[in-house]
Amino acid sequence: MVEHSLDVGRARGSSPLPRTNKMIILGIETSCDETALSLLETKEEVGIFKYRILANIVHSQIDMHKEYGGVYPNLAKREHIKNLPVIFNKIIKEANIEEKDISSIVVTSGPGLEPALWTGINFAQELGKKIGVQIIPANHMEGHIVSVLFSNTKPSGDFKELKVIKFPALAILISGGHTEIVKVKRIGEYEVLGRTRDDALGEAFDKTARMLGLPYPGGPEIAKLALLNSKKDKSISLPRPMLNSNDLDFSFSGLKTSILYLIKKKEELTEDDKREIAEEFQDAVTEVLIKKTGKALDGDEYKSIIVGGGVIANSHIRKAFEDLSSEYSIPLYLPEKNLTGDNALMIALAGILSPKTKDPQSIEALGNLLLG
Ligand code: KG4
Ligand code: ZN
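Residues numbered from 1 in each chain as written. Chains lettered and ligands numbered in written order. Predicted model: local features only at pLDDT ≥ 70, side-chain atom pairs only at ≥ 80, totals over all residues. Heavy atoms only, no water.

It is worth spelling out the coordination of the zinc ion (ligand 2) at this point. By definition of the ideal shapes, a tetrahedral metal site with four donors has angles of 109.5 degrees and an octahedral site with six donors has angles of 90 or 180 degrees. At this site the zinc ion (ligand 2) is bound by His140 (NE2), His144 (NE2) and Asp342 (OD), with donor distances of 2.0 to 2.1 Å. Read from N- to C-terminus, the donor residues coordinating the zinc ion (ligand 2) fall into the pattern H-x3-H-x197-D. With His140 and His144 both in helix α4 (residues 140-146) and 4 residues apart, the pair spans about one turn of that helix. The same class applies to His140 and to His144, which are both buried. (Donors = N, O, S within 2.8 Å, 3.2 Å for Na, K, Ca; no water. Helix = DSSP H or I, 4+ residues; strand = E, 2+ residues; numbered from the N terminus. Buried < 20%, exposed > 50% of the residue type's maximum accessible area, 1.4 Å probe, protein only.)

Turning to the sheet that holds strand β2 (residues 34-45), a few remarks are in order. The strands that make up a sheet are held in pairs by hydrogen bonds between backbone atoms, and each pair lies either parallel or antiparallel. Pairing in this open sheet of 6 strands is mixed, and the strands run β5-β4-β1-β2-β3-β6 from one edge to the other. Across the chains shown, the open sheet's two edge strands, defined by having one partner strand only, are β5 (134-139) and β6 (160-161). As paired strands, β2 and strand β3 (residues 48-60) are joined by 12 bridges and run antiparallel to one another. Within β3, the residue paired with Thr42 across the bridge is Tyr51. Seen against the sheet, helix α2 (residues 73-95) touches β1 (22-29), β2 and β3 and runs at an angle of roughly 35 degrees to β2. Running at roughly 155 degrees to strand β4 (residues 104-110), helix α3 (residues 114-131) makes contact with β1, β4 and β5 of the sheet. (Pairing = 2+ DSSP bridges. Contact = heavy atoms within 4.5 Å. Axes fitted to C-alpha atoms, helices over the stretch in contact; angles between N-to-C directions.)

Taken together, 19 residues surround ligand 1, and among them Gly176, Asp206, Gly219, Gly310 and Asn314 come closest. Between an oxygen atom of ligand 1 and a main-chain N or O atom of Gly176, the distance comes to 2.8 Å. Asp342 is positioned such that a nitrogen or oxygen atom in its side chain is 3.1 Å from an oxygen atom of ligand 1. Taken by itself ligand 1 offers 560 Å² of open surface, and the protein chains cover 87% of this. (Near = heavy atom within 4 Å. Polar contact = N/O pair within 3.5 Å; in protein donor to acceptor, adjacent residues only side chain to side chain. Areas by Shrake-Rupley, 256 points an atom, 1.4 Å probe, with all protein chains shown as cover.)

Strand order in the open sheet formed by 5 strands is β9-β8-β7-β10-β11, with mixed pairing between adjacent strands. Two strands lie at the open edges of the sheet, namely β9 (189-195) and β11 (332-333), each paired on one side alone. Here 6 bridges tie strand β7 (residues 169-174) to strand β8 (residues 179-186), and the two strands are oriented antiparallel to one another. Across the sheet, residue Leu173 finds its bridge partner in β8, namely Glu180. In this fold helix α8 (residues 271-299) packs onto β7, β8 and β10 (304-308), with an angle of close to 155 degrees to the strand it touches most, β7.

Below, the discussion takes up the packing of helix α5 (residues 201-211) against helix α7 (residues 253-265). Taken N-terminus to C-terminus, the directions of α5 and α7 make an angle of 10 degrees; their axes are 10 Å apart at the nearest point. Judged by the inter-axis angle, α5 sits roughly parallel to α7. For the crossing formed where α5 meets α7, the hand is right-handed. For the pair α5 and α7, contact is made by Lys207, Thr208 and Met211 and by Lys256, Ile259, Leu260 and Ile263, respectively. For the contact of α5 with α7, the residue count by class is 4 nonpolar, 1 polar and 2 charged. (Parallel < 35°, antiparallel > 145°, perpendicular 65-115°, else oblique. Left-handed = near helix turned anticlockwise from the far one by under 90°. Nonpolar A, V, L, I, M, F, W, Y, C, P; charged D, E, K, R; others polar.)

Two side chains with opposite charge may pair up if their charged atoms get near one another. Tallied over the entire structure, the rule returns 29 salt bridges. For Glu287, the salt bridge is made with Arg240, and the minimal N-O distance between the two is 2.9 Å. Linking Glu287 in helix α8 with Arg240 in the loop between α6 (218-227) and α7, this pair joins segments that are 47 residues apart in sequence. For Glu287, a relative accessible area of 36% translates into the label partly exposed. (Salt bridge = Lys/Arg side-chain N within 4 Å of Asp/Glu carboxyl O.)

Cis geometry is found at the peptide bond from Gly110 to Pro111, where omega equals -10 degrees. Residue Pro168 is reached from Phe167 by a cis peptide bond, and omega for that bond is 0 degrees. With respect to the element layout, Pro168 can be found in the loop between β6 and β7. The phi angle at Asn96 is positive, at roughly 60 degrees, despite the residue not being glycine. In this fold, Asn96 is placed in the loop between α2 and β4. The phi dihedral of Ser329 falls on the positive side, at around 50 degrees, and the residue is not glycine. Here Ser329 lies in the loop between α9 (315-328) and β11.

What follows is about the environment of Glu287. As for Glu287 and Asp359, which are separated by 72 residues in sequence, their C-alpha atoms are 45 Å apart. When residues no more than four places from it in sequence are discounted, the contact partners of Glu287 are Arg240 and Leu243.

Next up on the list: the nonpolar core. Residues Ile172, Ile174, Phe281, Val307 and Phe321 are the most contacted members of the largest nonpolar core, which totals 44 residues. Element by element, the count of residues in this core is highest for α8, at 9 residues. Setting aside residues no more than four positions away along its own chain, Ile172 makes contact with Glu180, Ile181, Leu289, Thr293, Ile305, Ile306, Val307, Gly308 and Phe321. In terms of nonpolar packing, the next biggest core, distinct from the first, is built from 37 residues, Ile187, Met346, Ile347 and Ile352 among them. (Core = buried A, V, L, I, M, F, W, Y, C linked by side-chain atoms within 4.5 Å.)

See below:
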């Protein structure tokens, strides 16, 4: 068994994978609108865990869901079923391996859209049976946490070490479906300290974008628009929901109503207005996010800060976390830009570092699977 220099630890009740010297792990992610597959090779060298990426494909269905202004679960399911075998053949070719070289399969079992999750699980079950390997279910949010450990995310010939992180770490998870503040005692051992009471942060970006007439997904659109705002004097001001509440929870749905009210008040929504709203929205959510993270850091001893999930692609939010990390002198770990969104590398890694062994046929999609 590999004792990694990283204090990865192990979830209680989970049994470690049989770690032969070299293993090839197939990662499968279908929790939302991305069909993602990866092949990750791992090995142990003088007691140190090393990895190299053999293949990593993320196939986005965004263009198909755009017309619905969000993700349409049954369409996602149909697309995943169509894409999975095609992408699987592609990564096998890219990695220059054969199916039988795969040592184990890690598949997202939740949280996410259940019809979408089932497609990945069923694919894993069939393949696992065919090639006779174990299937490990992974928690998508744990994937976002471990996504920050990769330093090299391009398929290359070299084995690399994972980033070494000190624990306990404070993880802030900001995606389209979740917003959570989590104490990471070790990889595999979590305590959720706070979460959104209504909309997730990415969802708030998406809804704001829709009100401004921007396409889905709205996060990158809002970020672009905010950068274009050149107004020096602020003419609008949005609330900072739950900024001073006594807990680590969030609420973003009220912002929607405030923006709707602002838009209704205007006779005509100009491009300048849209830019100003985009920037003010981004400032408002960033302020809440940073204040709550600071509050969590004040409440306990943390040795690292981790931020994961699609929204951390946002440069303004990245910079705000970098400043917070300097202020507290606690190192910050962010995913590389191509691993902020959903991908199967983070799923493969979550399965290796925190394996939950199960009878393959008993693995099921758990739409509301919690961390912990
Ligand atoms: O983690 P992710 O890829 O999927 C889920 O697990 O939900 O996150 C997707 C979310 C979407 O809501 C999208 O609008 C948001 O991440 N997002 C961003 C940016 N890029 C993606 N939000 C703000 N700024 C961005 N640059
Ligand atoms: Zn995600």
